[in-house]
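What follows is each chain in one-letter form.
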Amino acid sequence: APLLPLIKEDLGLTAQDIWTTNICAVAFDICMRFVFGAICDKYGARVPMGCVLMLASIPTACIGLVNSLTGLICIRLFIGLA
């Protein structure tokens, strides 16, 4: 959140665009919590959450490559999966 004003200015986003990215990230996060809850019940929390963190590091590292609203939404969706 501290860099959000810089990202907003750099990509030329509106307040509505920021809300859209936030809603997408939270919506995917809520869905994945149900899925990961069942997976953690079956396999324990350590291994699935370790895999999720490793996979989530890829879109997190790619956030600097975003140059459009569509790219930001896609990255936020994948980060929301974690």
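Just so we're clear, the structure is a prediction, and the values are computed from it rather than from any experiment. (Residues numbered from 1 in each chain as written. Predicted model: local features only at pLDDT ≥ 70, side-chain atom pairs only at ≥ 80, totals over all residues. Heavy atoms only, no water.)

**Q** For this particular structure, what's the right way to read the state of the cysteines?
**A** Here is the idea: a disulfide is a covalent bond, and it sits between the sulfur atoms of two cysteines. Following the criterion strictly, the structure yields 0 disulfides and no others. C51 forms no disulfide, and the closest cysteine sulfur to it belongs to C40, at a distance of 10 Å. With no disulfide partner, C62 has as its closest neighbouring cysteine sulfur the one in C74, 12 Å distant. Residue classification places C62 among the partly exposed positions, given a relative accessible area of 29%. (Disulfide = S-S within 2.5 Å. Buried < 20%, exposed > 50% of the residue type's maximum accessible area, 1.4 Å probe, protein only.)

**Q** Explain the packing of helix α2 (residues 15-43) against helix α3 (residues 46-62) to me, please; I cannot follow it from the model alone.
**A** Helix packing geometry: the angle between the two helix axes and the distance between the axes. Put simply, α2 and α3 touch, their axes get as near as 8 Å, and they point 135° apart. Between α2 and α3, the angle is such that the two are oblique. Contacts between α2 and α3 involve F36, I39, C40 and Y43 from the former and P48, M49 and V52 from the latter. Tallied by class, the residues present in the contact of α2 with α3 amount to 7 nonpolar, no polar and no charged. (Axes fitted to C-alpha atoms, helices over the stretch in contact; angles between N-to-C directions. Helix = DSSP H or I, 4+ residues; strand = E, 2+ residues; numbered from the N terminus. Parallel < 35°, antiparallel > 145°, perpendicular 65-115°, else oblique. Contact = heavy atoms within 4.5 Å. Nonpolar A, V, L, I, M, F, W, Y, C, P; charged D, E, K, R; others polar.)

**Q** Help me understand a nonpolar patch on the surface, please; the structure alone is not making it clear to me.
**A** A surface patch of nonpolar side chains, amounting to about 340 Å² of accessible area, comprises L3, L4, L6 and I7. Mapped onto the secondary structure, L4 falls in helix α1 (residues 4-11). The exposure class of L4 is partly exposed, given its relative accessible area of 32%. (Patch = residues over 30% accessible without salt bridge, like charges linked within 9 Å, V, L, I, M, F, W, Y side chains within 5 Å. Areas by Shrake-Rupley, 256 points an atom, 1.4 Å probe, with all protein chains shown as cover. Salt bridge = Lys/Arg side-chain N within 4 Å of Asp/Glu carboxyl O.)

All quantities given are derived from atomic positions and should not be read as evidence of function.
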